[in-house]
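Given next are the chains, with one letter for each unit.
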Amino acid sequence: MSPTRAAALRALGRRLAVAATLALTAVPGVAAQGPAIRVVSDTAGSRLQVDGRDFMVLGVNWDYFPIGTNYSYSLWSQPDDFIRAALDREMPLLKAMGVNAIRQYAGIPPRWVRFIYEQYGIFTVLNHAMGRYGVTVGGTYQPNTDYSDPRVRAALVGEISTLVKEFEGTPGILMWLLGNENNYGLTWKSAATEALPQGERDAARARYLYSLFGEAISAIKTIDPDRPVAMANGDLQYIDIIAEETKGLDVFGANVYRGISFGDLFQVVRDKLGLPVMFTEFGSDAYNARDMREDQVMQTRYLLGQWREIYEQSSGKGLVGNSIGGLTFQWTDGWWKAGQEVGLDIHDNNASWPNQGYLDDFTPGDNNMNEEWWGIVAKGPTDARGHFQLYPRAAYYALQQVNRLDPYGPGTDLAAIQAHFAAIQPEEMALRARGDQAAAASGLASKFRVSGMRLELSTYSTGGTNLSTPSKAAPAGSGSATYPSFTGFDHLQSYYADFEAHPSDNVLATLSVNVLGNVPDNPIDQIFYENRGRDRSVDANGQPLTLNGLERVKVYRASVSWEEPLFRLEGFYRTGHYHWGYEGDFFGLYREANYGTNIDIYNGEAPFGAEFTGKRHLSGLKVAFGPELWWGANPAWMAKYRRRFGEFDITGIVQNEIAAQGNTSSSVAVPPPPPPPATQHHPPPPGPPR
């Protein structure tokens, strides 16, 4: 699962020194408040207990990102009334589902953890990423964390200790959670590791990582000895090193994406670690990559299978007995995850990684995991304040039924668990969710909607001494085309309307139209987008003729995206595209064309064209074609093909300019088309450092 970016994980919430909020603020040095939490193991298995009562973690990975925002957004930096309103929308729905715990990353202020617990009875599993997305040491950010560096180790343990102290006396923390698949990010290099044979380097890096986990756990327990500490490992990788290096761990947590079953994980953890298991991430996306459609029944079926095993493997059922619950991934869809910084208001359906554990939509050679569709609840557009409505999917209603069974209640044996889950039918849950699905579609106006409206109103007042500009404009029809045409007051009226069409799940088109009102004649700076609408004087049989009403309505920008199993086709008009530099275009033939509002200065039309990206047996093929693929480009087509042969990535690019560019709005002369270039690029295979 692609992780949340560092900016989102490391952001700290705003601290408000307001008397009304002091009652909710944690007081350092006060003994831990709230219920007693501990891990208990006996012949029946392992359990988490809260105030002496067995407690199964019925949780979700929770966050809050309105459509149109990304990892840089933080709910906790918003005003208090906004945060309260957001929580009052989200938490009742979580509580109604039977959720008793949510996973959150460091950054939430203690008073909101307390608020969620005291108002809704929901615990927080508080997660420090342990340098998973980089670390800052001595004021310098390091994107790849070197866990062998003593300064890095000290900085991370210091961060974690500060976090734990910040929450002293705050009720609502269920346990501390360290890392997030850090074992998948062991890419740093040091003299100690690079001196080892290739096959031993990853294990050496892992040993540094997991020994640091042990140091962090020791630091946490020095401050807060009464709360369990868990880790979020990537599946079972390096479990033998974990057993040797990570001392003091109370709960083995793991992000596990094996499909409908966790397989032998429970047994392996008991044999290797002797610890209870909590799934820190698991679940299924709600988009069928094979059929190119939302598939709530598929998502529900996988989640039911996974939760059934969590119940069956809990203490006292006669099996392994070390399951203490899980945190479903995830609560709502992450609309920003595919593009990270672009397409934030588009629900992307491009599968980004393959997983054959999810057989319903798996095709060998194809990706089937859709990053933006993992929510058990869909989200709607934001309202005027920036909040969004929630629309439960079938999986929500299914898990609501699941959570009604007390895993430790009298009579809850294997037979009772199996009967309970067998009675929950994914198709029936999908029927229950249809009303929510229809409401979500209505809120997003799925087929066609007006996605935005804006207007620009500006005033200009010019004047001065020793000017050649007349105080009054020349009479209409005089043939004068001098600007500024007068000194004094004038104004601009410019209106924009944005439209979005979504005729099917795999096609999305956008269109932005500009409509002109009044266009000023007196600005000193004559270069602006709306000047196209000024009156123009032409010669009509020797007499000047003034033409007005020209280009009052114009397409400002447009795009279309068409996703198919064999290809992705993207058309663009003044919307921008990226270069191919990271895909083998060593000489930069295909230029980036993200100009923003700069393209308005000369009323340019670039970029204008389309880009074809092949999939499956066409994977590696890209073709771009259009009248002006970047600013000043001649009409052309370009084709790129990339293949891996052994240890080599080989890329070939062909470019053909069809004709010379016509008149442009720029003063730059465009040369006639040169002979079509072609390049090949085959970087050497990676080898040891020299």
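Remember, it's a predicted structure, so these values are computed and weren't measured experimentally.

Cut-offs applied
Residues numbered from 1 in each chain as written. Predicted model: local features only at pLDDT ≥ 70, side-chain atom pairs only at ≥ 80, totals over all residues. Heavy atoms only, no water. Helix = DSSP H or I, 4+ residues; strand = E, 2+ residues; numbered from the N terminus. Buried < 20%, exposed > 50% of the residue type's maximum accessible area, 1.4 Å probe, protein only. Contact = heavy atoms within 4.5 Å. Areas by Shrake-Rupley, 256 points an atom, 1.4 Å probe, with all protein chains shown as cover. Axes fitted to C-alpha atoms, helices over the stretch in contact; angles between N-to-C directions. Parallel < 35°, antiparallel > 145°, perpendicular 65-115°, else oblique. Left-handed = near helix turned anticlockwise from the far one by under 90°. Nonpolar A, V, L, I, M, F, W, Y, C, P; charged D, E, K, R; others polar. Pairing = 2+ DSSP bridges. pLDDT = per-residue confidence, 0-100. Arc of directions from axis to C-beta. Salt bridge = Lys/Arg side-chain N within 4 Å of Asp/Glu carboxyl O. Phe/Tyr/Trp six-rings, centres within 6.5 Å; stacked < 30°, edge-to-face > 60°. Patch = residues over 30% accessible without salt bridge, like charges linked within 9 Å, V, L, I, M, F, W, Y side chains within 5 Å.

Participant: Lay out the overall build of the protein chain in plain terms, naming residues and giving numbers.
Facilitator: A count of helical and extended segments in the protein chain gives 13 helices and 29 strands. The burial tally for the protein chain puts 51% of its 690 residues in the buried class. The contacts in the protein chain between residues at least 6 apart in sequence include a share of 67% that link residues at least 24 apart. Carbon and sulfur atoms form 55% of the exposed surface of the protein chain, whose accessible area is close to 30,900 Å².

Participant: How would you explain the packing of helix α3 (residues 80-97) against helix α4 (residues 110-120) if you had to name every residue and give the values?
Facilitator: Between α3 and α4, whose axes approach to 11 Å, the crossing angle comes to 40°. With respect to α4, the axis of α3 lies oblique. For the pair α3 and α4, the sense of crossing is right-handed. In contact with D80, I83, R84, L87, D88, M91, P92 and K95 of α3, α4 contributes R111, W112, F115, I116 and Y120. For the contact of α3 with α4, the class distribution of residues is eight nonpolar, no polar and five charged.

Participant: Summarise the environment of E118; cite the residues concerned and give the values.
Facilitator: Its location among the elements puts E118 in helix α4. Classification of E118 as partly exposed rests on a relative accessible area of 44%. Sequence spacing of E118 and G172 is 54 residues, and the spatial spacing of their C-alpha atoms is 7.6 Å.

Participant: A description of the sheet that holds strand β5 (residues 101-105) should follow, citing residues and the corresponding values.
Facilitator: Pairing is parallel in the closed barrel, where eight strands are placed in the order β4-β5-β6-β9-β10-β11-β12-β15. For this sheet, the mean angle separating the axes of adjacent strands, direction not counted, is 25°. Relative to strand β10 (residues 229-234), strand β9 (residues 173-178) is paired through three bridges, and the arrangement is parallel. Each residue of the ladder has a partner; that of L177, found in β10, is A230. In the packing of helix α10 (residues 296-312) onto the sheet, contacts are made with β4 (57-61), β12 (277-281) and β15 (323-328), and the angle to β15 comes to roughly 155°.

Participant: Go over the confidence of the model for the protein chain with me, naming the residues and quoting the values.
Facilitator: In low-pLDDT segments, the atomic positions of the prediction should not be examined closely. On average, residues of the protein chain score 86 in pLDDT, and 87% of them are at 70 or above. Contacts of residues 2-32 to residues separated by more than four positions or lying in other chains number 57 contacts, the stretch itself having pLDDT below 50.

Participant: Please set out the environment of F252 residue by residue, giving values where relevant.
Facilitator: Relative to the elements of secondary structure, F252 occurs in strand β11 (residues 251-255). Residue F252 is classed as buried on the basis of its relative accessible area, which comes to 0%. Once residues lying within four places of it in the same chain are set aside, the contact partners of F252 are M231, N233, D235, L236, I242, V269, L273, L275, P276, V277 and M278.

Participant: Before we move on, can you summarise the pairing of strand β16 (residues 377-382) with the specific residues and values?
Facilitator: Here four bridges tie β16 to strand β17 (residues 388-392), and the two strands are oriented antiparallel to one another. Each bridged residue has a counterpart across the sheet, and for K379 the counterpart in β17 is L390. In textbook terms, the turn of a hairpin is the stretch between consecutive antiparallel strands, and for β16 and β17 this stretch comprises five residues, one of which, G386, has a positive phi near 105°.

Participant: Account for helix α12 (residues 414-422), with residues named and values stated.
Facilitator: Among all positions in α12, only I417, H420 and F421 are buried. Along α12, the residues classed as buried sweep out an arc of 90° about the axis, all on the same side. In this fold, the buried residues of α12 make contact with α10 and α11 (394-402).

Participant: Give a description of unusual backbone geometry that names residues and reports values.
Facilitator: The amide bond that connects F329 to the next residue, Q330, takes the cis arrangement and shows omega of 0°. Examined against the element boundaries, Q330 turns out to sit in the loop between β15 and β16. Residue A606 is joined to P607 through a cis peptide bond whose omega torsion reads -10°. Residue placement: P607 occurs in the loop between β24 (567-573) and β25 (608-614). Of note, the phi angle at E551 is positive, near 45°, even though the residue is not glycine. Relative to the helices and strands, E551 is located in the loop between β22 (543-547) and β23 (553-564). For R616, which is not a glycine, the phi torsion comes out positive at approximately 50°. As for its position among the elements, R616 is in the loop between β25 and β26 (621-628).

Participant: Give a description of the sheet that holds strand β3 (residues 53-55) that names residues and reports values.
Facilitator: Strand order in the open sheet formed by three strands is β1-β2-β3, with antiparallel pairing between adjacent strands. With one partner strand each, in any of the chains shown, β1 (37-42) and β3 form the two edges of the open sheet. Neighbouring strand axes in the sheet, compared pairwise and without regard to direction, differ in orientation by 50° on average. The sheet contact formed by β1 and strand β2 (residues 45-50) spans six bridges and is antiparallel. Within β2, the residue paired with I37 across the bridge is V50.

Participant: Can you tell me about the pattern of salt bridges, naming the residues and giving the values?
Facilitator: A complete count under the given rule lists 38 salt bridges for this structure. K221 is paired through a salt bridge with D250; the nearest N and O atoms lie 3.0 Å apart. Here K221 is found in helix α7 (residues 198-223), whereas its partner D250 is found in the loop between α8 (239-245) and β11, with 29 residues between them in sequence. With relative accessibility at 27%, the residue K221 sits in the partly exposed group. Between E611 and K622 there is a salt bridge, with its nearest N and O atoms 3.5 Å apart. One end of the pair, E611, is in strand β25; the other, K622, is in strand β26, and 11 residues separate them in sequence. Its relative accessible area of 8% is what places E611 among the buried residues. Under the relative-accessibility criterion, K622 is labelled buried at 13%. It is possible to trace a salt-bridge network through shared partners that takes in D348, E563, R568, E570 and K615.

Participant: Hey, could you go over the packing of aromatic side chains for me, with residue numbers and the actual values?
Facilitator: Two aromatic rings, taken as a pair, are described by how far apart their centres are and by the angle between their planes. One pass over the full model with this rule turns up 36 aromatic pairs. Aromatic side chains Y64 and F388 sit 4.5 Å apart centroid to centroid with 25° between the ring planes, which places their arrangement in the stacked category. In this pair, Y64 sits in the loop between β4 and α3 while F388 sits in strand β17, placing the two residues 324 residues apart along the sequence. Of the two residues, Y64 and F388, both sit in the buried class.

Participant: I'd love a proper account of a nonpolar patch on the surface, names of residues and values included.
Facilitator: Where nonpolar side chains cluster on the molecular surface, the patch consists of L455, L457, Y495, V515 and V553 and spans about 460 Å² of accessible area. By the secondary structure assignment, V553 is in strand β23.

Participant: I'd love a proper account of the environment of M175, names of residues and values included.
Facilitator: Along the polypeptide, M175 turns up in strand β9. Remark: the alpha-carbon pair of M175 and V251, spanning 76 residues in sequence, is separated by 9.3 Å.

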